Amino acid sequence: MENEFLKVINTRRSCRNYRKEQIKDEELNAILKAGTYAPTGMGLQSPYIVAVQNPEMKAQLEKMNAAVRGMSGNPYYDAPTYILVFAPLDCPFAVQDGACVLENMMLAAHALGVSSCWINREIEMFATEEGKQLMKKMGLPEGLGGIGAISVGYAAAQPAGPKPRKDGYARIIR
């Protein structure tokens, strides 16, 4: 079965090499809006989405993420935009809700010709005192934790095709 949405799902790939050019505001707004339409537990819309294009804040995020990894380099792959997702620490669906938001935004980005990559370690980054202070600087309410992030931009090169799907990945039991 083929349709445009399934094609978007089947062709999205993670990008780890971005052009320096910033994405268009209308693309960013559409990507963020797609995140707000992700399903959330009990329809609470508990996540918060923050897009960061400010060079100083991006540098701080890079340093924080690399420190959690115990590595150097830019864990956001030098993308022009980072989009972070936060959720209330007391929300029983925080990780699931945030994951749905991130996936919606990655699929929307791909549909618009914008590349993305899921970035991990925001949970650890924003559990630190530096992370809590940065959330305040972002204007977020207290009681939130980091869930994840995506790097967003135009790909510098065409990503590789998909790996073959493993046998037995999906099953139907009737």
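Look above for the structure.
Enquirer: Help me understand unusual backbone geometry, please; the structure alone is not making it clear to me.
Expert: Glycine aside, the phi torsion of most residues is negative, and most peptide linkages are trans. The backbone of D78 sits at a positive phi, close to 60°, despite the residue not being glycine. Take D78: it is sitting in the loop between α3 (55–69) and β2 (81–88).

Enquirer: What's the story with the pairing of β2 in this structure? I'm lost.
Expert: Residues in a regular strand project their side chains so that they alternate between the two faces of the sheet. With eight of eight residues buried, β2 lies mostly within the body of the structure. Strand direction decides the pairing type here: strand β1 (residues 48–52) and β2, joined by five bridges, are antiparallel. Looking at the pairing, V52 lines up with Y82 of β2. Bridge count between β2 and strand β4 (residues 144–153): eight bridges; the pairing is antiparallel. Considered in β4, the bridge of F86 is made with G146.

Enquirer: I'm lost on the environment of L140 in this one. Help?
Expert: Its location among the elements puts L140 in the loop between α6 (129–137) and β4. Classification of L140 as buried rests on a relative accessible area of 12%. In contact with L140, not counting residues within four places along its chain, are Y48, V50, F86 and M135.

Basis of the calculations
Residues numbered from 1 in each chain as written. Predicted model: local features only at pLDDT ≥ 70, side-chain atom pairs only at ≥ 80, totals over all residues. Heavy atoms only, no water. Helix = DSSP H or I, 4+ residues; strand = E, 2+ residues; numbered from the N terminus. Buried < 20%, exposed > 50% of the residue type's maximum accessible area, 1.4 Å probe, protein only. Pairing = 2+ DSSP bridges. Contact = heavy atoms within 4.5 Å.

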